[in-house]
Amino acid sequence: MVKPGGSVPAALVALAALAADAETSPRDAIMSTTRAGIVRSWNPAAVLLYGHLAEDIVGRAAEVLCPPEERTRQAETMQRVLAGAPTERFDADRVCRDGTLIGVSMTVAPVVDREGSVTGLTTVSWKTGARRGVPDQAEGGVESERRDSREAQERFDLKVAAQRRDAREAR
């Protein structure tokens, strides 16, 4: 994780704190990427969800998680957020380290520095269903997961809004 006091912008430090908060939830995989799509941070929940250790994925292109047929859509989404569009939430398939596909729900938000410039992206993702080829969970489990996802989304949106406000006030 990023430590305060270095040359890292305060907004990134605040988002790293958000990631640290979410580490207690096994469903919220959080990664941050540069504007070019290179992974900067990777929390323990991301290790559990995708199977990549932090030392194996940090410094690599995040597109390794995206199936080839979805890369254009992902690139368009990332470019919109980098260009100033609001936080985006969508469902997607992702490739795990072992090659299996999983369905995830994702929220992509910009990382904004003190001057208000977007320096990268933070992505929060959580599993929406069973691994492909494995029967889906019981209906009650799916509803519980949806509720958990909505609650995680609400917490994330509140924290991002507060961080954006703080960044604007700091300018």
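The structure we're discussing is the one just above.
Calculation rules
- Residues numbered from 1 in each chain as written.
- Predicted model: local features only at pLDDT ≥ 70, side-chain atom pairs only at ≥ 80, totals over all residues.
- Heavy atoms only, no water.
- Buried < 20%, exposed > 50% of the residue type's maximum accessible area, 1.4 Å probe, protein only.
- Helix = DSSP H or I, 4+ residues; strand = E, 2+ residues; numbered from the N terminus.
- Pairing = 2+ DSSP bridges.
- Phe/Tyr/Trp six-rings, centres within 6.5 Å; stacked < 30°, edge-to-face > 60°.
- 1 Å grid on protein atoms, 1.4 Å probe; cavity = no way out; pocket = protein on both sides within 12 Å on 5 of 7 lines; lining within 4 Å.
- Points joined across faces, edges and corners; volume = space filled by probe spheres on them.
- Nonpolar A, V, L, I, M, F, W, Y, C, P; charged D, E, K, R; others polar.

1. Some words on the pairing of strand β5 (residues 118-127)
- Of all ten residues in β5, eight are buried, a share of seventy percent or more.
- In this sheet, β5 lies alongside strand β1 (residues 29-34) in antiparallel orientation, the contact comprising six bridges. Bridging across to β5, Thr34 finds its partner in Gly120.
- Inspection of the sheet shows strand β4 (residues 101-112) paired to β5 by nine bridges, in the antiparallel sense. Across the sheet, Thr107 pairs through a bridge with Val124, a residue of β5.
- Connecting β4 to the next strand, β5, in antiparallel fashion are five residues, including Gly116 with a positive phi near 90 degrees.

2. Focus on the packing of aromatic side chains
- Evaluation of the coordinates by the stated rule reveals one aromatic pair.
- Here Trp42 and Tyr50 contribute two aromatic rings whose centre-to-centre distance is 5.7 Å and whose plane-to-plane angle is 40 degrees, an arrangement assigned as tilted. Across the pair, exposure class does not vary: Trp42 and Tyr50 are buried alike.

3. Thoughts on the layout of surface pockets
- In this structure, the largest pocket encloses a volume near 360 Å³.
- Forming the walls of the largest pocket are 26 residues, and the residues nearest its centre are Gly37, Ala62, Glu63, Gln74 and Met78.
- Taken together, the elements giving at least two residues each to the lining of the largest pocket come down to β1, α2 (44-50), α4 (71-82) and β5.
- With six residues, the top contributor of residues to the lining of the largest pocket is α4.
- A breakdown of the residues in the lining of the largest pocket according to their chemical character gives 15 nonpolar, seven polar and four charged.

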